[in-house]
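Fold and geometry: a report
Single-letter residue listing:
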Amino acid sequence: MANDRPRVLSGIQPTSGSFHLGNYLGAVRQWVALQETHDAFYMVVDLHALTLPQDPKALRDNTRLAAAQLLASGLDPERCTVFVQSHVPEHTQLSWLMECMTGFGEASRMTQFKDKSAKQGTDRTSVGLFTYPVLQVADILLYQANQVPVGEDQRQHIELTRNIAERFNGRYGNTFTVPEPYILRETAKIYDLQDPSAKMSKSASSPKGVVDLLDEPKASAKKIKSAVTDTGSEIVFDPENKPGISNLLTIHATLTNTGIPELEQKYAGKGYGALKTDLAEIVSEWAAPFRDRTRDFLDDPETLDSILAKGAEKARAVAAETLAQAYDRVGLLPSKH
Ligand code: ATP
Ligand code: LTN
């Protein structure tokens, strides 16, 4: 049955302990919904995390923690495939073919690479950070994904994936599904609470504007109450002139499944404080059971590891078939051993 469904694939990096609201609202929330309608593959992209220096123990712990948070968010291993990228060796194998299909200039134009390498300086930037988007291309094409649910910051990488898939198909015959980005307009970019011109990010320079889902309720309430707001006092959705308030409205609307106009009405004549107080409570109430569920999964590493092992097995079956076909298409001699 699952095979009749269109396929989706996405990934999240185990680069810091907790997911933040941007990860959840921009991506993971859609992953949970799509498992009902799609043949869904979701992975913790530990190989991508290695593009920046990682402490080995922290990486291992954060990989389990990311998987636990995905399950706590509502991914159900009976309905979708949850796995760890490095458990499926086909990702790095296909990545080499993809590297050989990617122009040096084309890779040099990736804005995330430019931003991250500019921050670190070229001597501290690894070749892995440069080829990071190409590994992502392999991740997506291996599963013949029709759609890729991500936040706006990933759009350029999906565009690269489409270009390379078309190039490969043009040169070697139809091999890969050309994927579409799946980016919801409303939550495509959640902003930093202290700097509503920047995206909420795991690698933000200060944690003050980033609401981590595993934060203590008091800590996240404090972050929300001290969010930077705009001049004036009216609560209206106007991202251009009122980016701070509009961001809070987006978060409120999505977590409570309420329309923005309805919220504008509710807060008409009330001050920013009322919105912040309510939102602090909404986030804390949402996060409490999420934290408990995450803890339960972490307290039972055997079950968690067995879910990931089954996920890897299902993922490998698909990945191995695509890789074999791609190896054959480019003319690699089949191994007889
Ligand atoms: P970094 O900013 O350090 O690169 P990140 O916070 O973007 O990390 P990722 O693991 O790279 O975390 O992202 C996981 C998913 O969350 C991606 O699909 C990404 O587009 C989405 N995402 C991340 N931040 C936001 C945000 N502020 N708003 C909407 N979606 C987001
Ligand atoms: N680059 C993405 C993570 C990622 C991904 C993928 C997303 C790696 N492989 C495949 C979608 C599909 C990020 O930084 N969020």
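Just above, that's the structure.
Residues numbered from 1 in each chain as written. Chains lettered and ligands numbered in written order. Predicted model: local features only at pLDDT ≥ 70, side-chain atom pairs only at ≥ 80, totals over all residues. Heavy atoms only, no water.

**With respect to the environment of tyrosine 267**
Topologically, tyrosine 267 is positioned in the loop between helix H11 (260–266) and helix H12 (272–298). Those residues within four positions of tyrosine 267 in sequence are excluded, and the remaining contacts are Ile235, His252, Ala274, Leu275 and Asp278. (Helix = DSSP H or I, 4+ residues; strand = E, 2+ residues; numbered from the N terminus. Contact = heavy atoms within 4.5 Å.)

**Here we look at empty space enclosed by the protein**
Taken as a whole, this structure holds one cavity of 30 Å³ or more when the rule is applied. Taken as a whole, the largest cavity holds about 40 Å³ of empty space. If you go around the largest cavity, the residues you meet are Gln112, Phe113, Lys116, Leu129, Tyr132, Pro133 and His157. Of all the secondary structure elements, the ones that give two or more residues to the lining of the largest cavity are helix H6 (111–120) and helix H7 (127–142). Class assignment of the residues belonging to the lining of the largest cavity gives a composition of four nonpolar, two polar and one charged. (1 Å grid on protein atoms, 1.4 Å probe; cavity = no way out; pocket = protein on both sides within 12 Å on 5 of 7 lines; lining within 4 Å. Points joined across faces, edges and corners; volume = space filled by probe spheres on them. Nonpolar A, V, L, I, M, F, W, Y, C, P; charged D, E, K, R; others polar.)

**Points about the site of ligand 1**
Among the 21 residues in the neighbourhood of ligand 1, the closest are listed as Asp153, Ile190, Lys199, Ser201 and Ser203. Here histidine 20 contributes a side-chain N or O atom positioned 2.8 Å from an oxygen atom of ligand 1. One of the side-chain nitrogen or oxygen atoms of lysine 199 is found 2.5 Å away from an oxygen atom of ligand 1. Calculation on ligand 1 without its partners gives an accessible area of 600 Å², and the protein chains cover 96% of this total. (Near = heavy atom within 4 Å. Polar contact = N/O pair within 3.5 Å; in protein donor to acceptor, adjacent residues only side chain to side chain. Areas by Shrake-Rupley, 256 points an atom, 1.4 Å probe, with all protein chains shown as cover.)

**Some words on the pattern of salt bridges**
Going through the model one piece at a time under the given rule, you end up with twelve salt bridges. Between glutamate 36 and arginine 79 there is a salt bridge, and its shortest N-O distance comes to 3.1 Å. Placement of the pair is glutamate 36 in the loop between helix H1 (21–34) and strand E2 (39–44) and arginine 79 in the loop between helix H3 (56–73) and strand E3 (81–84), with a sequence separation of 43 residues. The partly exposed category is assigned to arginine 79, whose relative accessible area is 44%. Arginine 155 is paired through a salt bridge with glutamate 152; the nearest N and O atoms lie 2.8 Å apart. Exposure remark for glutamate 152: the relative accessible area of 31% places this residue in the partly exposed category. Here the salt bridges do not stand alone but share partners, grouping Glu36, Asp76 and Arg79 into one network. (Salt bridge = Lys/Arg side-chain N within 4 Å of Asp/Glu carboxyl O. Buried < 20%, exposed > 50% of the residue type's maximum accessible area, 1.4 Å probe, protein only.)

**Some words on the site of ligand 2**
Every one of the 13 residues lining ligand 2 counts as a neighbour, but His48, Tyr132, Gln136, Asp139 and Gln154 are closest to it. At a separation of 2.7 Å, an oxygen atom of ligand 2 approaches a polar side-chain atom of tyrosine 132. Take aspartate 139: an N or O atom from its side chain is 2.6 Å from a nitrogen atom of ligand 2. When contributions to the shell around ligand 2 are tallied by element, the ones reaching two or more residues are strand E1 (7–12) and H7. Here the shell around ligand 2 takes four residues from H7, the largest share from any one element. Looking at the shell around ligand 2 residue by residue, the class counts come to six nonpolar, six polar and one charged.

**Some points on the layout of surface pockets**
By volume, the second largest pocket is sized at about 270 Å³. Lining the second largest pocket, in full, are Arg185, Glu186, Lys189, Tyr191, Pro196, Phe237, Pro239, Pro243, Ser246, Asn247 and Thr250. In terms of residue class, the lining of the second largest pocket is built from five nonpolar, three polar and three charged.

**Regarding the environment of valine 44**
If you trace the backbone, valine 44 turns up in strand E2. Considering only alpha carbons, one finds valine 44 and leucine 70, 26 residues apart in sequence, at a separation of 9.0 Å. Setting aside residues up to four positions removed in sequence, valine 44 forms contacts with Ile12, Pro14, Thr63, Ala66, Ala67, Leu70, Phe83, Val84 and Gln85.

**Remarks on unusual backbone geometry**
One non-glycine residue, glutamine 144, adopts positive backbone phi at about 55°. Relative to the helices and strands, glutamine 144 resides in the loop between H7 and strand E4 (147–149). Classification of glutamine 144 by relative accessible area gives buried; the value is 18%.

**Some details on the nonpolar core**
Counting residues in hydrophobic clusters, the biggest one holds 53 residues, and the most contacted among them are Leu21 and Leu70. For this core, the element with the most residues is H1, which contributes eight residues. With residues near it in sequence (within four places) discarded, leucine 70 still touches Ile12, Phe19, Val28, Trp31, Val44, Leu75 and Val82. Judged by nonpolar contacts, the second largest core, of 39 residues, contains Met101, Leu141, Leu142 and Leu160. (Core = buried A, V, L, I, M, F, W, Y, C linked by side-chain atoms within 4.5 Å.)

**A word on the side chain of arginine 162**
Here arginine 162 lies in helix H8 (residues 155–172). Discounting residues that sit within four places of it in the chain, arginine 162 has contacts with Val178, Pro179 and Glu180.

**A look at the side chain of serine 73**
By the secondary structure assignment, serine 73 is in helix H3. When near neighbours in sequence (up to four residues on either side) are disregarded, serine 73 contacts Tyr24, Val28, Val32 and Phe290.

**Brief notes about a negative patch on the surface**
Together, Asp292, Asp296, Asp299, Asp300 and Glu302 make up a negatively charged patch on the protein surface. Within the fold, glutamate 302 resides in helix H13 (residues 301–330). Residue classification places glutamate 302 among the exposed positions, given a relative accessible area of 69%. (Patch = residues over 30% accessible without salt bridge, like charges linked within 9 Å, V, L, I, M, F, W, Y side chains within 5 Å. Lys, Arg positive; Asp, Glu negative; His and termini not counted. Charge placed at Lys NZ, Arg CZ, Asp CG, Glu CD.)

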